[in-house]
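Below are the chains, spelled out letter by letter.
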Amino acid sequence: MDFQYPYALAGLFVGFVVGLTGVGGGSLMTPILLYFGVSPASAVGTDLLYAAITKSGGIHVHNKKRNIDWHITFMLALGSVPAALITLWALHASGLDTATVNKVIKKSLGWAMLLTALAILFKQKIMDFSHNNNVWITRMNRKQQDIATVIVGLIMGVIVTLTSIGAGALGTVALFLLYPLLPVVRLVGTEIAHAVPLTLVAGIGHASFGNVDWGLLVNLLIGSLPGIYLGSHLAHRAAEKYLRPALALMMFYAGSKLAL
């Protein structure tokens with residue numbers, strides 16, 4: 001494996017942004033890989049395993065701080081993991097040629113980026129709504145919450161498997177609505193715990209189709225691990241009210257180029 005500094009620098013940049021803001025992993029990495037000329041299928045497959053590896057450390061930290069609700073994590077995975085496997089099977093069984101598969105993934109990626117950009121922009125408003133409004137979605141009983149959580153997991157499984165985007169921003173926003181009384185840090189920890197098995201299963205599935213560039217993956221990790229460390233240590237100094245909108249606008253621009 002050759003060291004390729006453009007990919008390591010891309011990993012450093014994305015890792016830094018993730019450490020700084022808590023979002024943007026797949027939403028930034030996959031478009032960057034497309035810009036470098038990596039095929040959509042390979043970009044998604046590589047990014048899925050990249051996400052599984054980089055977020056696995058987050059499970060240890062959040063679990064140690066008791067920031068993970070394992071029941072919610074299980075209900076999400078109950079929907080997302082089978083959905084990921086079915087989506088992978090459908091891609092493989094469709095008989096579509098590589099160019100068509102890449103086109104489907106590229107369009108799906110664009111729409112996922114647009115949805116993620118909106119989720120980032122309106123995250124605070126959605127949180128406020130879930131805390132302050134007594135509507136049906138925020139006052140479900142436990143059984144209804146479980147069913148809704150499995151459905152959210154199912155939708156996330158399809159989106160993440162096709163695009164590698166959405167496990168963080170979209171999933172967390174959905175949990176804000178379903179569980180308004182849980183602390184934010186616990187919802188974030190829960191979503192990270194769910195993202196790891198989902199991205200791992202989807203990533204291994206893509207790898208079985210030859211959609212993972214292993215040398216590229218190593219180069220991305222070489223840059224991203226110190227990037228996440230630096231970003232995390234500077235997060236308390238960052239002006240989040242400027243960073244998140246800027247990140248959302250970048251995603252919206254890139255997503256519109258891919259989807260429209």
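Our structure is the block above this text.
Residues numbered from 1 in each chain as written. Predicted model: local features only at pLDDT ≥ 70, side-chain atom pairs only at ≥ 80, totals over all residues. Heavy atoms only, no water.

With that out of the way, let us pick up the nonpolar core. Counting 29 residues, the largest nonpolar core has Leu-33, Tyr-50 and Leu-220 as its most contacted members. Taken together, the elements giving at least two residues each to this core come down to helix H1 (5–21), helix H2 (25–35), helix H3 (40–64), helix H5 (98–121), helix H10 (214–234) and helix H11 (240–259). Core analysis: the second largest hydrophobic core is formed by 27 residues, Ala-41, Val-44, Leu-91 and Met-127 among them. (Core = buried A, V, L, I, M, F, W, Y, C linked by side-chain atoms within 4.5 Å. Buried < 20%, exposed > 50% of the residue type's maximum accessible area, 1.4 Å probe, protein only. Helix = DSSP H or I, 4+ residues; strand = E, 2+ residues; numbered from the N terminus.)

In this description, a pair of aromatic rings is defined by centroid distance and the angle of the planes. Within this structure, the stated rule accounts for 2 aromatic pairs. Between the aromatic rings of Tyr-7 and Phe-36, the centroid separation amounts to 5.2 Å while the plane-to-plane angle is 85°, which identifies the pairing as edge-to-face. Of this pair, Tyr-7 sits in helix H1 while Phe-36 sits in the loop between H2 and H3, placing them 29 residues apart in sequence. For Phe-36, a relative accessible area of 34% corresponds to the partly exposed category. Ring geometry for Tyr-35 versus Phe-36: centroids 6.1 Å apart, planes at 55°, classification tilted. On the accessibility criterion, Tyr-35 (72% relative accessible area) is exposed. (Phe/Tyr/Trp six-rings, centres within 6.5 Å; stacked < 30°, edge-to-face > 60°.)

Moving on, we come to the packing of helix H7 (residues 142–163) against helix H9 (residues 184–208). The N-to-C vectors of H7 and H9 enclose an angle of 45°; their axes lie 10 Å apart at closest approach. On the basis of the axis angle, H7 is oblique to H9. In this structure, H7 crosses over H9, and the sense of that crossing is right-handed. For the pair formed by H7 and H9, the contact residues are Met-156, Gly-157, Val-160 and Thr-161 on the first element and Leu-198, Thr-199, Ala-202 and His-206 on the second. Considered class by class, the residues forming the contact of H7 with H9 number 4 nonpolar, 4 polar and no charged. (Axes fitted to C-alpha atoms, helices over the stretch in contact; angles between N-to-C directions. Parallel < 35°, antiparallel > 145°, perpendicular 65-115°, else oblique. Left-handed = near helix turned anticlockwise from the far one by under 90°. Contact = heavy atoms within 4.5 Å. Nonpolar A, V, L, I, M, F, W, Y, C, P; charged D, E, K, R; others polar.)

The next thing to look at is the environment of Leu-121. By the element assignment, Leu-121 lies in helix H5. The exposure class of Leu-121 is partly exposed, given its relative accessible area of 40%. Spatially, the C-alpha atom of Leu-121 lies 5.9 Å from that of Pro-245, the residues being 124 residues apart in sequence. Contacts of Leu-121, omitting those with residues within four sequence positions, involve Pro-245 and Ala-248.

Summarising the element assignment, His-92 is placed in helix H4 (residues 70–93). The class of His-92 is exposed, set by a relative accessible area of 57%. Separated by 113 residues in the primary sequence, His-92 and Gly-205 have C-alpha atoms spaced 9.9 Å apart.

Worth remembering: the numbers are spatial, not functional.
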